[in-house]
Amino acid sequence: MQTKLKIAVQKSGRLLEDSLQILKECGIKVEEGKDSLKVQASNFPMEVFYLRNSDIPHYVYDGIADAAILGENTVMETQRDLDMILPLGFSRCRLSVAVPKGAPYTGLQWLQGKKIATSYPNSLQDFLSKNNLQADIHEISGSVEIAPNIGLADAICDLVSSGNTLFMNNLEEKEVVLKSEAWLVASKNRSREADELLDQLVFRLKSVLAARNNKYLLMNAPTEALEDLIRILPGMKSPTVMPLAEPGWNSVHTVISEDRFWEIIGQLKDHGAQGILIIPIEKMIL
Ligand code: PRP
């Protein structure tokens, strides 16, 4: 029987949709596991396990799953030794300490001896220890942000993404304990066959991520401006330059990271570039 890569994803939660989307962009179609906890992927030898977020590191560590897509914050909290294979660029958030608005917070020392509610006791304890602080960590599994309002804690330590939840609960972010994003992680004890499949998956993921971060840039440019424009453009290689039907004009093509493009757009225009087009890239093979 053909070996399949057993990969765990969140059964529900903030990573699920993006996890399935990135697999889909890799050409791997997976049904959402509403009723079934184990689903076969089509177009790739893969079995997807839908598991509770906090259980995933344990399943991967024990080798029940070969790999997983999950937040760095969860890996760090569960303190399981996993191979961190590839950051996936989504579900960016931070684990932060927040206090009620108006609290006389003057700095880290304010936390000394305070009661802090969190679902991340290990990460918080590490942070406090590194800062030579002692606090009363009150572990709760959900709705952490309500704790100060009901007199359960002086502060909280919870995930922050947009900051809306803190705002709605009259809390202010004061210290960042750790930053996190979704990662592809793998069991250190995965089989050789699973490792080969994982390599194939990583190759596809890298192509998808590179395409997401880059754009195809086309513009028209007068010949006398080419030298300056090529100097400004940070392309993968030298840009392609093709003559237009109109003498003295050229079409310039290159690949550029989207962030970088917004930095140099003004310079391109100042040097005579016209008809600038930015086109999404479907896949980019590195
Ligand atoms: C996290 C966290 C906050 C919220 C913060 O919960 O516990 O409630 O996200 O996000 P925001 O800054 O964009 O408002 P999540 O949705 O991950 O679910 P959880 O309650 O299971 O942790």
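Use the structure listed above.
These figures come from a predicted structure and were not determined experimentally.

Caption draft 1: Looking closely at the environment of K4. Checked against the element boundaries, K4 lands in the segment before β1 (5-10). The class of K4 is partly exposed, set by a relative accessible area of 32%. Distance from K4 to Q40, taken between C-alpha atoms, is 9.1 Å for residues 36 residues apart in sequence. Among residues more than four places away in sequence, those in contact with K4 are Q40, P45, M46, E47, D66 and L197. Of the polar contacts made by the side chain of K4, one reaches the side chain of Q40; its length is 2.8 Å.

Caption draft 2: Quick peek at the packing of aromatic side chains. In total, this model carries two aromatic pairs according to the counting rule given. With centroids separated by 5.1 Å and ring planes inclined at 70°, the aromatic side chains of F261 and W262 adopt a geometry described as edge-to-face. We classify W262 as exposed; its relative accessible area is 58%. It is K114 that lies over the ring of W110; its NZ or CZ is 4.4 Å from the centre.

Caption draft 3: Unusual backbone geometry, seen in detail. Phi at N43 is positive, roughly 70°, even though this residue is not glycine. Along the chain, N43 falls in the loop between β2 (38-40) and β3 (46-51). Using a relative accessible area of 62% as the deciding quantity, one classes N43 as exposed. Its identity as a non-glycine residue notwithstanding, N170 has a phi of 60°, on the positive side. Assignment of secondary structure puts N170 in the loop between α5 (164-168) and β10 (171-180).

Caption draft 4: Representation of the pairing of strand β11 (residues 182-186) in the model. Of all five residues in β11, five are buried, a share of seventy percent or more. Side chains A182, L184 and A186 project from β11 onto one buried face, and the interleaved W183 and V185 project onto a second face that is buried too. Pairing geometry for strand β4 (residues 67-71) and β11, over five bridges, is antiparallel. Bridge pairing links L70 to W183 in β11. As judged from the four bridges shared by strand β5 (residues 83-87) and β11, these two strands associate in the antiparallel manner. Along β11, the bridge assignment pairs L86 with L184.

Caption draft 5: Geometry of the sheet that holds β10. Read across the sheet, five strands follow the order β8-β7-β9-β6-β10 without closing on themselves; strand pairing throughout is mixed. Across the chains shown, the open sheet's two edge strands, defined by having one partner strand only, are β8 (136-139) and β10. Averaged over all adjacent pairs, the angle separating strand axes in this sheet is 25°, with direction ignored. Summarising the sheet, strand β6 (residues 93-100) and strand β9 (residues 155-160) pair through five bridges and their orientation is antiparallel.

Caption draft 6: Region of the structure containing the site of the ligand. Close to the ligand lie R14, E145, D158, L159, V160, S161, S162, G163, N164 and T165, which account for all nearby residues. Here E145 contributes a side-chain N or O atom positioned 3.4 Å from an oxygen atom of the ligand. Contact distances for the ligand include 2.7 Å between an oxygen atom and a backbone N or O atom of S161. Within the complex, the protein chains bury 61% of what would otherwise be the 490 Å² of accessible surface of the ligand. Sorting the residues of the shell around the ligand by element identifies β9 and α5 as the ones contributing at least two each. Counted by class, the shell around the ligand contains two nonpolar, five polar and three charged residues.

Caption draft 7: Structural detail: the nonpolar core. In this structure, I28, V30, M46, I69, L88, L184 and L201 are the most contacted members of the largest nonpolar core, which totals 33 residues. If one sorts the elements of this core by residue count, helix α6 (residues 192-213) sits on top with eight residues. Residues contacting I69, with those up to four places away along its chain left out, are I7, A8, V9, L15, S19, I22, L23, L88, F90, W183 and L184. Counting 16 residues, the second largest nonpolar core, distinct from the first, contains Y120, L124, L128 and V177.

Calculation notes
- Residues numbered from 1 in each chain as written.
- Predicted model: local features only at pLDDT ≥ 70, side-chain atom pairs only at ≥ 80, totals over all residues.
- Heavy atoms only, no water.
- Helix = DSSP H or I, 4+ residues; strand = E, 2+ residues; numbered from the N terminus.
- Buried < 20%, exposed > 50% of the residue type's maximum accessible area, 1.4 Å probe, protein only.
- Contact = heavy atoms within 4.5 Å.
- Polar contact = N/O pair within 3.5 Å; in protein donor to acceptor, adjacent residues only side chain to side chain.
- Phe/Tyr/Trp six-rings, centres within 6.5 Å; stacked < 30°, edge-to-face > 60°.
- Lys NZ or Arg CZ within 6 Å of the ring centre and 35° of its normal.
- Pairing = 2+ DSSP bridges.
- Axes fitted to C-alpha atoms, helices over the stretch in contact; angles between N-to-C directions.
- Near = heavy atom within 4 Å.
- Areas by Shrake-Rupley, 256 points an atom, 1.4 Å probe, with all protein chains shown as cover.
- Nonpolar A, V, L, I, M, F, W, Y, C, P; charged D, E, K, R; others polar.
- Core = buried A, V, L, I, M, F, W, Y, C linked by side-chain atoms within 4.5 Å.

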